[in-house]
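Report on the structure
Each chain, letter by letter, is given below.
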Amino acid sequence: SQTIHQWPATLVQPVGSPLSLECTVEGTSNPNLYWYRQAAGRGLQLLFYSVGIGQISSEVPQNLSASRPQDRQFILSSKKLLLSDSGFYLCAWSVLVLSHGPPMVDNSSPLHFGNGTRLTVT
Amino acid sequence: AQSVSQHNHHVILSEAASLELGCNYSYGGTVNLFWYVQYPGQHLQLLLKYFSGDPLVKGIKGFEAEFIKSKFSFNLRKPSVQWSDTAEYFCAVSRRGGATNKLIFGTGTLLAVQP
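Right, let's walk through the structure included here. If you're wondering where the values come from, they're calculated on a predicted model, not measured in any experiment. (Residues numbered from 1 in each chain as written. Chains lettered and ligands numbered in written order. Predicted model: local features only at pLDDT ≥ 70, side-chain atom pairs only at ≥ 80, totals over all residues. Heavy atoms only, no water.)

**Some details on the overall build of chain B**
On a plain count of helices and strands, chain B comes out with 0 helices and 12 strands. The helix and strand sequence of chain B, counted from the amino end, reads β-β-β-β-β-β-β-β-β-β-β-β. Taking 115 residues into account, the globule formula puts the C-alpha radius of gyration at 13 Å, and chain B, at 14 Å, falls close to it. The dimensions of chain B, computed from C-alpha atoms along their principal axes, are 45 × 30 × 20 Å. Residue burial in chain B is summarised as follows: out of 115 residues, 49% are buried. For chain B, contacts bridging at least 24 residues in sequence account for 56% of all contacts bridging at least 6. Accessible surface, chain B as shown: approximately 5300 Å² in total, 53% of it carbon and sulfur. Taking the average place of the 10 positive charges on the side chains of chain B and the average place of its 7 negative ones, the gap between the two points comes to 11 Å. (Helix = DSSP H or I, 4+ residues; strand = E, 2+ residues; numbered from the N terminus. Rg over C-alpha atoms; globule rule 2.2 N^0.38 Å. Buried < 20%, exposed > 50% of the residue type's maximum accessible area, 1.4 Å probe, protein only. Contact = heavy atoms within 4.5 Å. Areas by Shrake-Rupley, 256 points an atom, 1.4 Å probe, with all protein chains shown as cover. Lys, Arg positive; Asp, Glu negative; His and termini not counted. Charge placed at Lys NZ, Arg CZ, Asp CG, Glu CD.)

**Structural notes on the overall build of chain A**
Each helix and strand counted, chain A has 0 helices and 13 strands in total. From first element to last, N terminus to C terminus, chain A shows the α and β order β-β-β-β-β-β-β-β-β-β-β-β-β. In chain A, which comprises 122 residues, the proportion classed as buried is 48%. Excluding contacts between residues fewer than 6 apart, the proportion of contacts in chain A whose partners are at least 24 apart in sequence is 58%. Approximately 5800 Å² of chain A is accessible, and the part contributed by carbon and sulfur atoms is 54%.

**Description of the sheet that holds strand β1 (residues 3-7) of chain A**
Residue and element names in this part refer to chain A. The 4 strands lie next to each other as β1-β3-β8-β7, forming an open sheet whose pairing is antiparallel. The sheet is open, and its two borders are formed by β1 and β7 (65-70), each paired with just one other strand. Adjacent strand axes in the sheet meet at a mean angle of 20 degrees when their direction is disregarded. By the bridge criterion, 5 bridges tie β1 to strand β3 (residues 19-26) in an arrangement that is antiparallel. (Pairing = 2+ DSSP bridges. Axes fitted to C-alpha atoms, helices over the stretch in contact; angles between N-to-C directions.)

**Section: the packing of aromatic side chains**
Counting across every chain of the model gives 14 aromatic pairs over all chains. Among the aromatic residues, ring-to-ring pairing joins Y34, Y36 and F113 of chain A together with F34, Y36, F51, F90 and F105 of chain B into one connected group. (Phe/Tyr/Trp six-rings, centres within 6.5 Å; stacked < 30°, edge-to-face > 60°.)

**A look at the nonpolar core**
The biggest cluster of nonpolar side chains holds 30 residues, and the ones touching the most others in it are L33, W35, L48, F74, L76 and Y89 of chain B. Sorting the residues of this core by element identifies β2 (10-14), β3 (19-21), β5 (31-38), β6 (45-50), β8 (64-68), β9 (73-78), β10 (87-95) and β12 (109-114) of chain B as the ones contributing at least two each. Those residues in contact with L76 of chain B that sit more than four places away from it in its chain are L19, E20, L21, W35, L47, L48, F63, E64, A65 and Y89 of chain B. Of all hydrophobic cores here, the second largest spans 20 residues; its members include L33, F48, A66 and F74 of chain A. (Core = buried A, V, L, I, M, F, W, Y, C linked by side-chain atoms within 4.5 Å.)

**Points about the layout of surface pockets**
The computed volume of the largest pocket comes to approximately 250 Å³. If you trace the largest pocket, you find 18 residues lining it, with Q38, F88 and R118 of chain A together with Q38 and E88 of chain B closest to the centre. Of all the secondary structure elements, the ones that give two or more residues to the lining of the largest pocket are β4 (32-39) of chain A together with β10 of chain B. Here the residues of the lining of the largest pocket sort into 8 nonpolar, 7 polar and 3 charged. (1 Å grid on protein atoms, 1.4 Å probe; cavity = no way out; pocket = protein on both sides within 12 Å on 5 of 7 lines; lining within 4 Å. Points joined across faces, edges and corners; volume = space filled by probe spheres on them. Nonpolar A, V, L, I, M, F, W, Y, C, P; charged D, E, K, R; others polar.)

**A closer look at the pairing of strand β6 (residues 55-58) of chain A**
Residues and elements named next belong to chain A. Examined bridge by bridge, strand β5 (residues 43-52) and β6 share 3 bridges and lie antiparallel to one another. Bridge assignment links Y49 to a residue of β6, and that residue is S57. Where β5 folds back onto β6 in an antiparallel hairpin, the turn is made up of 2 residues, including G54, whose phi is positive at roughly 75 degrees.

**Focus on unusual backbone geometry**
Residues and elements named next belong to chain A. A cis amide bond, omega 0 degrees, links W7 with the succeeding residue P8. Here N30, not a glycine, exhibits a phi torsion of approximately 55 degrees, which is positive. Structurally, N30 is set in the loop between β3 and β4.

**Some thoughts on the state of the cysteines**
A full pass over the atoms with the stated rule returns 2 disulfides over all chains. In this model, C23 of chain A is linked to C91 of chain A through a disulfide, with the two sulfur atoms separated by 1.9 Å. Of note, the bridge from C23 of chain A to C91 of chain A carries an S-S torsion of about -75 degrees and is left-handed in sense. Here C91 of chain A lies in strand β9 (residues 87-94) and C23 of chain A lies in strand β3, a separation of 68 residues in the sequence. For C23 of chain A, a relative accessible area of 1% puts it in the buried group. With a sulfur-sulfur separation of 1.9 Å, C23 of chain B is cross-linked through a disulfide to C91 of chain B. Its S-S torsion of about -70 degrees marks the bond between C23 of chain B and C91 of chain B as left-handed, since a negative value means left-handed. Taken together, the residues span a long stretch of sequence, with C23 of chain B in the loop between β3 and β4 (24-26) and C91 of chain B in strand β10 at a distance of 68 residues. (Disulfide = S-S within 2.5 Å.)

Have a look at this one:
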């Protein structure tokens, strides 16, 4: 069965320090991968998504970046954290169907979320 | 731009009361619609989804949602809530087809069920 791992679960970092959050998926190949941020009263905001190794799409301009060095690994980073980067970060995956044409999402596959990382920037 | 609106930010009900959580979306194409739930201390999980066919969708734990295309709505309902339904509920929309299933979420509704 497929599983998604996110770590660390909680993190307290000073302003100006770097950040690296890691997410790995097991039990599936070629997943779509996503980073979301959940803030109180603001729902879940999509930050980045990736349809393949080295392919990153950014949804909102910000102080963060993402990378996908391996098929099932998705990393969220920052060189210098801001106070406004505090929040709850969620990694997720969904199934990607590869066909003879352009890659298509499997419409029957919802997003599967990790347990999240609570980041507090002090 | 795509957006999802959840009108109720905080709902308090007594056990056995009926529930309806509103969700409206703004998108000019064919969509997939979802409701996710986050129980206290747990990860986000799928409650139900709509892709096509019968606009009345039944999910887990007695929940259902109705897609009304003319109103761009996908309201969540349950005839009789239980204390264990206390959670945060998120409506979400994605574009049908394409290379990604990225979801746009609403701001969430916090439901508290009093015993």
